[in-house]
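Overview (structure and organization)
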Amino acid sequence: AAKPAIPWQDRLKVRKNQLIIGGLLLLALFFPIRQSVLAEAEVIPQKPNLVRAPLEGVVETFYVKPNESVQVGQKLFSLDRTELRSRLEVAKEKRDSAQTEYLQTTQEAMLDPTVKFKLAGLKSKWEQESEEVDYVRTLLQRCDVTATIPGVTVFDDPNDWLGRPVKQGEKILAVADPQKVELEIRLPMDDLLELEAGAEVLFFSNITPHKPMEASLNYFSYRASPTPADVMAYRLKASFVDKEQLLRLGYHGTAKLYGTRRPFILWLLRKPIQTVRLWLTW
């Protein structure tokens, strides 16, 4: 049997509903939404005082632990002195030998004026060897590295440094003011979105994820660099809005970054667009 014909009024009503639904979906796809992305973050010191190796040597002793409060003049670490002590003994012997030779020649010059011309050279040699002794003593004193500002120590594990050769100027640790901290964010390249200076950031600490901290974006690295997990990511920094209740140095968590408004369809298709763009550039 043939199906009964659908009245034109019902067909018009169905078509009208379809058009309304299609129009709403079209509006939703082009409705501007605020972009956001999640990324790993860590509380780091703001402008820490970097403590570097004063000279080339081997780290012998660490006197502090990570996150330990230190005062000005407190010992942080020391370098091995064995080689410098041997060098000092050799320098002392050369100095004493030059001094003895100069004094002997001075006495000889009183009896034999022809040897007086040697005195200037011998005195210069004595002074040079004395300066070497003083220089090595200065290096020995520099083997003990002390804090120049009060704060807390920032480094991972002292056992990673003990017995390790270091070069002059190599960073060993940092001393930071616990009241001056900021947020460091590692944003993977695949999650990159348009961000502006002063963009809103929410930090969800692993310790207190139910109490997000507000921050403001103030730094965006020029290029991406590999993270410890071997992921290419941009380095971002944000300053906390609340300066009174700051988080402890070293706290990790997740940062939510808010970008500019873009049509919902572009946000929805951002991953496929990136993939196609990479494919077309090959």
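Before going into details, it helps to say that this report is about the structure given with it. Just so you know, these numbers come straight off a predicted model, no measurement behind them.

1. Remarks on the sheet that holds strand 8 (residues 165–166)
With respect to topology, 4 strands assemble into an open sheet ordered 6-5-3-8, the strand pairing being antiparallel. Lying at the two open borders of the sheet, with one neighbouring strand each, are strand 6 (144–146) and strand 8. Bridge count for strand 5 (residues 75–79) against strand 6 is 3 bridges, and the pairing is antiparallel. Pairing of serine 78 across the sheet is with aspartate 144, part of strand 6.

2. Some points on a negative patch on the surface
Where like charges cluster on the molecular surface, the negative patch consists of Glu56, Glu60, Asp80 and Glu83. Assignment of secondary structure puts glutamate 56 in the loop between strand 2 (49–52) and strand 3 (57–62).

3. So, the sheet that holds strand 9 (residues 171–176)
One open sheet accounts for 4 strands, arranged 2-9-7-4; its pairing is antiparallel. If you trace the sheet from one side to the other, it starts and ends with strand 2 and strand 4 (69–70), each paired once. Of the strand pairs in this sheet, strand 2 and strand 9 are connected by 4 bridges, and their pairing is antiparallel. Across the sheet, the residue bridging to leucine 50 is alanine 174, located in strand 9.

4. A short note on the pattern of salt bridges
Working definition: two side chains of opposite charge can pair if their charged atoms are close together. The final tally for this structure, using the stated rule, is 7 salt bridges. When the shortest N-O distance is used, the salt bridge between lysine 237 and glutamate 182 registers 3.7 Å. Of this pair, lysine 237 sits in strand 14 (residues 232–240) while glutamate 182 is found in strand 10 (residues 181–188), placing the two residues 55 residues apart along the sequence. Between glutamate 184 and arginine 235 there is a salt bridge, and its shortest N-O distance comes to 2.4 Å. In this pair, glutamate 184 is assigned in strand 10 and arginine 235 in strand 14, connecting sequence segments 51 residues apart. On the basis of relative accessible area, arginine 235 is assigned to the partly exposed category, the value being 29%. One connected set of salt bridges, linked through shared partners, spans Lys75, Arg81 and Asp144.

5. A few points about helix 2 (residues 82–111)
With 30 residues, helix 2 extends 45 Å from end C-alpha to end C-alpha; this agrees with the ideal 44 Å at 1.5 Å per step. Taken together, the buried positions of helix 2 are Leu84, Leu88, Ala91, Ala98, Tyr102, Thr105 and Ala109. Summarising the contacts, the buried residues of helix 2 are in contact with helix 3 (119–142).

6. Points about a nonpolar patch on the surface
A surface patch of nonpolar side chains, about 310 Å² in accessible area, is lined by Ile20, Leu24 and Leu27. One can find leucine 27 in helix 1 (residues 8–29). When its relative accessible area of 60% is taken as the criterion, leucine 27 is described as exposed.

7. Structural notes on the packing of helix 2 against helix 3
Running from N to C, helix 2 and helix 3 point in directions that differ by 160°, and their axes come no closer than 8 Å. Our classification of the angle between helix 2 and helix 3 gives roughly antiparallel. With respect to the hand of their crossing, helix 2 and helix 3 are arranged in left-handed fashion. For the contact of helix 2 with helix 3, the residue count by class is 14 nonpolar, 4 polar and 11 charged.

8. Observations concerning unusual backbone geometry
Phi angles above zero are rare outside glycine, and lysine 47 is one such case at about 55°. Of note, lysine 47 is situated in the loop between strand 1 (32–45) and strand 2. Even without a glycine there, the phi angle at asparagine 67 is positive, about 65°. As for its placement among the helices and strands, asparagine 67 is situated in the loop between strand 3 and strand 4. Under the relative-accessibility criterion, asparagine 67 is labelled partly exposed at 36%.

Rules used throughout
- Residues numbered from 1 in each chain as written.
- Predicted model: local features only at pLDDT ≥ 70, side-chain atom pairs only at ≥ 80, totals over all residues.
- Heavy atoms only, no water.
- Pairing = 2+ DSSP bridges.
- Helix = DSSP H or I, 4+ residues; strand = E, 2+ residues; numbered from the N terminus.
- Patch = residues over 30% accessible without salt bridge, like charges linked within 9 Å, V, L, I, M, F, W, Y side chains within 5 Å.
- Areas by Shrake-Rupley, 256 points an atom, 1.4 Å probe, with all protein chains shown as cover.
- Salt bridge = Lys/Arg side-chain N within 4 Å of Asp/Glu carboxyl O.
- Lys, Arg positive; Asp, Glu negative; His and termini not counted.
- Charge placed at Lys NZ, Arg CZ, Asp CG, Glu CD.
- Buried < 20%, exposed > 50% of the residue type's maximum accessible area, 1.4 Å probe, protein only.
- Expected span 1.5 Å × (residues − 1).
- Contact = heavy atoms within 4.5 Å.
- Axes fitted to C-alpha atoms, helices over the stretch in contact; angles between N-to-C directions.
- Parallel < 35°, antiparallel > 145°, perpendicular 65-115°, else oblique.
- Left-handed = near helix turned anticlockwise from the far one by under 90°.
- Nonpolar A, V, L, I, M, F, W, Y, C, P; charged D, E, K, R; others polar.

Nothing here speaks to function; it is all geometry.
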